[in-house]
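# Observations on the three-dimensional arrangement
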Amino acid sequence: MSQSPTTEGREMLCQGFSLESSRAEHTGGLDGGSGSLNKPENCSFPSDISPALRLVALRRTWDLKNNHLAAPKLKIFLPPGLQEDNSSSSAQCDPDKSKEGEENVVGEELQSERFQSKYIHIFPLYQDYCLQTMKDDLHRLKDGLLSELITPKYLQSLQTPMTRAESPQRSTRHATPRSQPIRVTPFTLWQDLDEVKASGLLSSLTAREIRLQETMFELIGSEASYLRSLGVAVNHFYKSQELKQTLSQTEHHILFSKIQHVMVTSEKFLTDLESRLGENVLISQVGDVVLQHCKHFQTLYVPYVTNMMYQEALINEKLQHNRIFLYTLKKLESDPVCQRKTLKSFLVLPFQRITRIKLLLESILKLTEPDSDSVSNLKKAIDAIHEIVTECDKGVRKMKQIEELVCLEMLLDFGKVKSVPLVTSKRFLVHHGALKQLTKESTYNLRMSFVRVYLHLFNDLLIVSMKKDERFKVMDHAQFPEHVSVQPVKTEVLGLPSYSFLLHLSKTQTGHPTAMIIATDTRSEKEAWMKALSSRH
């Protein structure tokens, strides 16, 4: 389907996905509801088809992203049953690239087989680590105490969500403050390591120096915990032939988004961290190790986190409409290796990890003496990780903006008006809403009246439309800001509503200028629109 699909094509596509995915869950990205599309109450997408449109939008956004928004005509994923699986076409067209990719995968698998972490089996899954860390932080805030940064024990009630067989009353009855059943995991503290005990360092170090060692060791231990969970995600879910048979190759790629590469990168990172600890039980620094791996983190984490919105949408769609996928996934999740963790909880780990690394480095910096040689590398590593997190956030925001454009494009009906491709790489929605336009009833009747119009203002385009049957029928459009301007009007002299202004389009899609009196319902609306239409975005 072309980038500007016909009205009939868009209607068929929307109807098809409305039937297939009308209950698909609406999910957001890192910034939640902070995207540019802040819909007013009277200008929201129809509630009955919004999930369907979002599913189509997500699939098309994926296609647009992977084609870098360069092609004039881009295909959309077709509804289930009509979808063609062309995921291997690029490999067929370029045998050398395919062979190179296979060699990389084989090399990564060999890396996984060779690597044997010393600490991976004595730390919990990363989901449990994150949950316990959160609880410890709250505990320290509550008591105002600076306890150790990583605890050697965690509450059993926090290992997994409460099962259906357990009732809140039962859980409360057996739990008492600070005396809940616990499971002690050995060697989770730096000071518990046999090498540390044998060295006699504990008697010669200050409390601050011990806390610094504990914090640097937490970076190592938490990475081992993270790698352990990634191992489950890759070896149990990603490599599952049963699960792979329920998905097309493209869907399988969207779902796991090269998480196997993320695991290999984690293995290399943990190898270097453990090597640093092996050099000397008194850890000298870790900032330089993090800095060495930041380039690989950036290459993998930014696209992975950006693609998380596709993962979520695809899982929700399959859980709703693919019983075989649902059965297979539940079977895999019930395996003891998952410890009752869901696939979703494994797929979100990379974003949780990259943000946690930054927090740990900041804690290490606070405990490091200002004149220490390691401060410089620590600050550089913190800045590099912060840049990665920022890029992740920008990537998600950009994909949400493209999703908004795709979704809106399917609701616009240009009719006889010259159509314009809405989805471009640099376009984003700035402001939109329902307004009133002043009109005269007929040639012979000079009585003025108002009709409801919709304005969609983009950073480079203004579209004027009327809502009809849950669609937007385009009346006119003009380039912004070159051909769009606003002026205040003397409402009392002209007998106009108090919150009116003049909207002037010096050159529209017809090539001719036009002007219209626009009225809002409130003063704040008028001020917001005049400011938006006067700005250069």
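Before going into details, it helps to say that this report is about the structure given with it. (Residues numbered from 1 in each chain as written. Predicted model: local features only at pLDDT ≥ 70, side-chain atom pairs only at ≥ 80, totals over all residues. Heavy atoms only, no water.)

### What about the nonpolar core?
In this structure, Trp190 and Ile385 are the most contacted members of the largest nonpolar core, which totals 99 residues. Grouped together as the second largest cluster of nonpolar side chains are 19 residues, Leu435, Ala478, Leu503 and Leu533 included. (Core = buried A, V, L, I, M, F, W, Y, C linked by side-chain atoms within 4.5 Å. Buried < 20%, exposed > 50% of the residue type's maximum accessible area, 1.4 Å probe, protein only.)

### Considerations on unusual backbone geometry
In this chain, Phe480 is followed by Pro481 through a cis amide linkage whose omega measures 5°. On the secondary structure map, Pro481 appears in the loop between β7 (471–479) and β8 (484–488). Positive phi, close to 60°, is recorded for Lys258, a residue that is not glycine. Considering the arrangement of structural elements, one finds Lys258 in the loop between α10 (249–256) and α11 (259–279). Residue Lys258 is classed as partly exposed on the basis of its relative accessible area of 45%. (Helix = DSSP H or I, 4+ residues; strand = E, 2+ residues; numbered from the N terminus.)

### A word on the pattern of salt bridges
Oppositely charged side chains can form a pair if their charged atoms are brought close together. This structure, assessed with the given rule, holds 16 salt bridges. Of the charged contacts in the structure, one is a salt bridge between Glu369 and Arg208, with a shortest N-O distance of 3.7 Å. Here Arg208 lies in helix α8 (residues 207–238) and Glu369 lies in the loop between α16 (349–367) and α17 (375–409), a separation of 161 residues in the sequence. Note on Glu369: relative accessible area 43%, which makes it partly exposed. (Salt bridge = Lys/Arg side-chain N within 4 Å of Asp/Glu carboxyl O.)

### A word on the packing of α8 against α16
Running from N to C, α8 and α16 cross one another at 170°; their axes reach a closest spacing of 9 Å. Looking at the two axes, α8 sits roughly antiparallel to α16. Across the interface between the two elements, Arg208, Arg211, Leu212, Thr215, Met216, Glu218, Leu219, Ser222, Glu223, Tyr226 and Ser229 of α8 pack against Leu349, Pro350, Arg353, Arg356, Ile357, Leu360, Ser363, Ile364, Lys366 and Leu367 of α16. Here the contact of α8 with α16 is composed, by residue class, of 10 nonpolar, 4 polar and 7 charged. (Axes fitted to C-alpha atoms, helices over the stretch in contact; angles between N-to-C directions. Parallel < 35°, antiparallel > 145°, perpendicular 65-115°, else oblique. Contact = heavy atoms within 4.5 Å. Nonpolar A, V, L, I, M, F, W, Y, C, P; charged D, E, K, R; others polar.)

### Topic: the packing of aromatic side chains
In this description, an aromatic ring pair is defined by two values, namely the gap between the centres and the angle between the planes. For the structure shown, the criterion picks out 9 aromatic pairs. Ring centres of Phe237 and Phe346 lie 5.7 Å apart, and the angle between their planes is 45°; this geometry places the pair in the tilted category. Taken as a pair, Phe237 in helix α8 and Phe346 in helix α15 (residues 343–347) lie far apart in primary sequence, 109 residues in all. Assigned by exposure class, Phe237 and Phe346 land together as buried. Plain terms: the ring middles of Tyr454 and Phe472 are 5.1 Å apart, the flat faces sit at 70° to each other, and that makes the pair edge-to-face. Highlighted residues: Tyr454 in strand β5 (residues 448–458) and Phe472 in strand β7, separated in sequence by 18 residues. Note on Tyr454: relative accessible area 5%, which makes it buried. In textbook terms, an aromatic cluster arises when at least three aromatic residues are bridged by ring pairs, as seen for Tyr119, Phe123 and Phe217. If you follow Lys244 out to its NZ or CZ, it ends over the ring of Tyr238, 5.9 Å from the centre. (Phe/Tyr/Trp six-rings, centres within 6.5 Å; stacked < 30°, edge-to-face > 60°. Lys NZ or Arg CZ within 6 Å of the ring centre and 35° of its normal.)

### Let's talk about the environment of Val396
Considering the arrangement of structural elements, one finds Val396 in helix α17. Residue classification places Val396 among the buried positions, given a relative accessible area of 2%. Counting along the chain gives 88 residues from Val396 to Met308, while the straight-line C-alpha distance between them is 8.4 Å.

### Observations regarding α10
Most of α10 is tucked away, with 6 of its 8 residues classed as buried. Among the residues of α10, Thr250, Glu251, His252, Ile254, Leu255 and Phe256 are the ones counted as buried. At the C-terminal side of α10, Ser257 shows a positive phi close to 45°.

### What to know about the side chain of Ser374
With respect to the helices and strands, Ser374 occurs in the loop between α16 and α17. A residue is classified by how much of its surface remains accessible, and Ser374, at 7% relative accessible area, is buried. The contact partners of Ser374, leaving out residues within four places of it in the chain, are Gln285 and Thr368.

### Brief notes about the environment of Thr215
You can see Thr215 is positioned in helix α8. For Thr215 and Leu367, which are 152 residues apart along the polypeptide, the C-alpha to C-alpha distance reads 8.8 Å.

### Some points on the environment of Asp521
Checked against the element boundaries, Asp521 lands in the loop between β10 (514–519) and α19 (523–534). Note on Asp521: relative accessible area 42%, which makes it partly exposed. Once the C-alpha coordinates of Asp521 and Lys436 are considered, the two residues, 85 residues apart in sequence, prove to be 8.6 Å apart. Ignoring anything within four residues of it in the chain, the contact list for Asp521 reads Lys436, Arg452 and Tyr499.

### Overview of the packing of α16 against α17
Contact pair α16 / α17: the axes reach a minimum separation of 9 Å and the direction vectors enclose 155°. Classified by the angle their axes make, α16 and α17 are roughly antiparallel. In terms of crossing hand, the pair formed by α16 and α17 is left-handed. The segment α16 lies against α17, with Ile354, Thr355, Ile357, Lys358, Leu361, Glu362, Ile364 and Leu365 engaging Val375, Leu378, Lys379, Ala381, Ile382, Ile385, His386, Ile388 and Val389. When the residues that make up the contact of α16 with α17 are grouped by side-chain class, the tally is 12 nonpolar, 2 polar and 3 charged. (Left-handed = near helix turned anticlockwise from the far one by under 90°.)

### Quick word on the pairing of β7
Sheet analysis places strand β3 (residues 412–413) next to β7, joined by 2 bridges and oriented parallel. Considered in β7, the bridge of Asp413 is made with Lys473. Relative to β7, strand β6 (residues 461–468) runs antiparallel, the two sharing 8 bridges. Bridge pairing links Ile463 to His477 in β7. Remark: 2 residues form the turn of the hairpin made by β6 and β7, two consecutive strands paired antiparallel; Asp469 in that turn has positive phi of roughly 55°. (Pairing = 2+ DSSP bridges.)

Fair warning: the whole summary comes from geometry, so function is off the table for now.
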